[in-house]
Amino acid sequence: MKKSFLLLILLGLISTLSAQIDTKKLNEFFDTLETNNKFMGSVALMKKGEIVYTKQVGFISENLQQKPNKATSYHIGSITKTFTSVLVLRATEEEKLSLNTTLDKFFPKLENASIITVENLLNHRSGIRDFTKDPKNSVLFYQENAKSELIKLISNYQSDFTPNSKFEYCNSNYLLLTYILESIYKTSYSSLLNEKVTTPLKLKQTHFSKGIESSKNQAKSFFLSNEWQIFPETHYSVSSGAGAIASNPTDLLKFHKALFTHEILSKENVDRMLTLKDNYGLGMFAIPYEKQFGFGHNGKIDGFKSILVTFLDTQSSVALIANGLNYDDNKILIRLLDAVYGKDFEIPDFKVIDLSIDEINDLIGIYSSASFPLKITITNIENNLMAQATGQSAFPLDATSKTTFEFSAAGILLEF
């Protein structure tokens, strides 16, 4: 009985993993997103080391004329941190750095520099203040900033907590790691990326971006306001090794494959990357799908959003980069994983209905629920239903019926 039961499980697993990608349905899914102004960008899937699906939709240029293709590159935001982690760990293998090296060697004016280690930067346990979260610094995002000035800015903050006492995601950590790498190698981060990663792995669409050029097949990012509008571009001096790399989904999958087959790092160091503390390792964290967990990172910069994840047990990987998004990116990720694992999925129809002014006004009020900690205020603004949770920005609601309303960009569904 046990042998038969085990055989059935194994046969079921083999059947799931060997299932063909339903490319027709995936194409229909992404065409539907594009038609309804929900998604612009590129995706790719890998099974057992082979690229089995790619798709690009939307536009990449300011005039909304230029379409993307398989070679288009996009800013990947914080997936850059995985590349930076690889470069730091390569430095340890080349005996130029240790994970236990303290920051007083590089940034003596930083509070707690004598007890914050390189590893604390990698796993976001340094206690250093994230300068990108301070509203006063937003003016810096779209202009060039000298390295010395950014180091001074970060060093002027007091620590948010005792180093290694807890996890708190912080872009300052990876900016400082960038400067450490440039100091010990006496070259630019861009040159290091090319030498250690992109050239040996032949990642032709992956580079450190110093500005988007649509004429070179590089995608600009957009936000939706009646129609797609161009998003201002964060200067690379601010994002740097925390978020300035541009790539495409195919290159990202090749990068993950090389990483997990130990082409660019030793198995020991890859294992370090995957050793999680408060769900974060070294430039990587766990991403769930049903009862499984993959490893990867996501990213967000300007109008770009990205996800890269690999499920080691099944050698399955997904890469998603959006340069325009008016839909829940997690829903797109789940649909892609459903396709990888041979599961059926529904294609949204995005049908909305028009409500009368009286029907809209009947819903105005302040709502609360025992299962939701915030109150939600519903208002009528120019005959459009708007919702606003306590302390949050207002968002529009589309009527999918007279009692159900959706804000698809955040995956929010309200039923009255």
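This text goes with the structure placed above it.
This text gives an overview of the structure that appears in the document. (Residues numbered from 1 in each chain as written. Predicted model: local features only at pLDDT ≥ 70, side-chain atom pairs only at ≥ 80, totals over all residues. Heavy atoms only, no water.)

As a further point, take the packing of helix α6 (residues 171–185) against helix α7 (residues 189–201). The geometry of α6 relative to α7 is characterised by a closest axis approach of 9 Å and an angle of 75 degrees between their N-to-C directions. Regarding the angle of α6 to α7, the classification is roughly perpendicular. Contact residues: T178, L181, E182 and Y185 in α6; Y189, L192 and K196 in α7. Considered class by class, the residues forming the contact of α6 with α7 number four nonpolar, one polar and two charged. (Axes fitted to C-alpha atoms, helices over the stretch in contact; angles between N-to-C directions. Helix = DSSP H or I, 4+ residues; strand = E, 2+ residues; numbered from the N terminus. Parallel < 35°, antiparallel > 145°, perpendicular 65-115°, else oblique. Contact = heavy atoms within 4.5 Å. Nonpolar A, V, L, I, M, F, W, Y, C, P; charged D, E, K, R; others polar.)

Taken in spatial order, the three strands line up as β16-β17-β18 in an open sheet, and their pairing is antiparallel. The sheet terminates laterally at β16 (398–399) and β18 (412–415), the two strands that pair on one side only. (Pairing = 2+ DSSP bridges.)

For the rest of this paragraph, the subject is helix α11 (residues 329–340). Across its 12 residues, α11 extends 17 Å between first and last C-alpha, which sits within 8% of the 16 Å expected from 1.5 Å per residue. For α11, the complete set of buried residues consists of D329, I332, L333, L336, L337, D338, A339 and V340. Remark: G342 follows α11 within two positions and exhibits a positive phi of approximately 70 degrees. (Expected span 1.5 Å × (residues − 1). Buried < 20%, exposed > 50% of the residue type's maximum accessible area, 1.4 Å probe, protein only.)

Let us now look at the side chain of T32. In this fold, T32 is placed in helix α2 (residues 23–35). Residue classification places T32 among the buried residues on the basis of a relative accessible area of 16%. Those residues in contact with T32 that sit more than four places away from it in its chain are I347, P348 and F350.

This part takes up the sheet that holds strand β7 (residues 245–247). Pairing is antiparallel in the open sheet, where three strands are placed in the order β3-β7-β4. The strands lining the two open edges of the sheet, one partner per strand, are β3 (74–75) and β4 (207–208). In this sheet, β7 lies alongside β3 in antiparallel orientation, the contact comprising two bridges. Paired with H75 across the strands is A246, a residue of β7.

Turning our attention to the pairing of strand β2 (residues 50–57). Residues in a regular strand point their side chains to alternate faces of the sheet. Looking at chain direction, strand β1 (residues 39–47) and β2 are connected through seven bridges and run antiparallel. Each residue of the ladder has a partner; that of K47, found in β2, is E50. Two successive antiparallel strands, β1 and β2, enclose a turn made up of two residues, where K48 displays a positive phi of approximately 50 degrees.

Here the structure, examined in full by the defined rule, presents 17 salt bridges. Among the ionic pairs, E94 bridges to K196, the shortest N-O distance being 3.0 Å. Here E94, found in the loop between α3 (80–93) and α4 (118–122), pairs with K196, found in helix α7; they are 102 residues apart in sequence, far enough to count as distant. Using a relative accessible area of 30% as the deciding quantity, one classes E94 as partly exposed. The salt bridge partner of R129 is D160, with a shortest N-O separation of 2.6 Å. One end of the pair, R129, is in the loop between α4 and α5 (147–155); the other, D160, is in the loop between α5 and α6, with 31 residues separating them in the sequence. In the salt-bridge network here, residues are joined through shared partners; they are R90, E94, E195 and K196. (Salt bridge = Lys/Arg side-chain N within 4 Å of Asp/Glu carboxyl O.)

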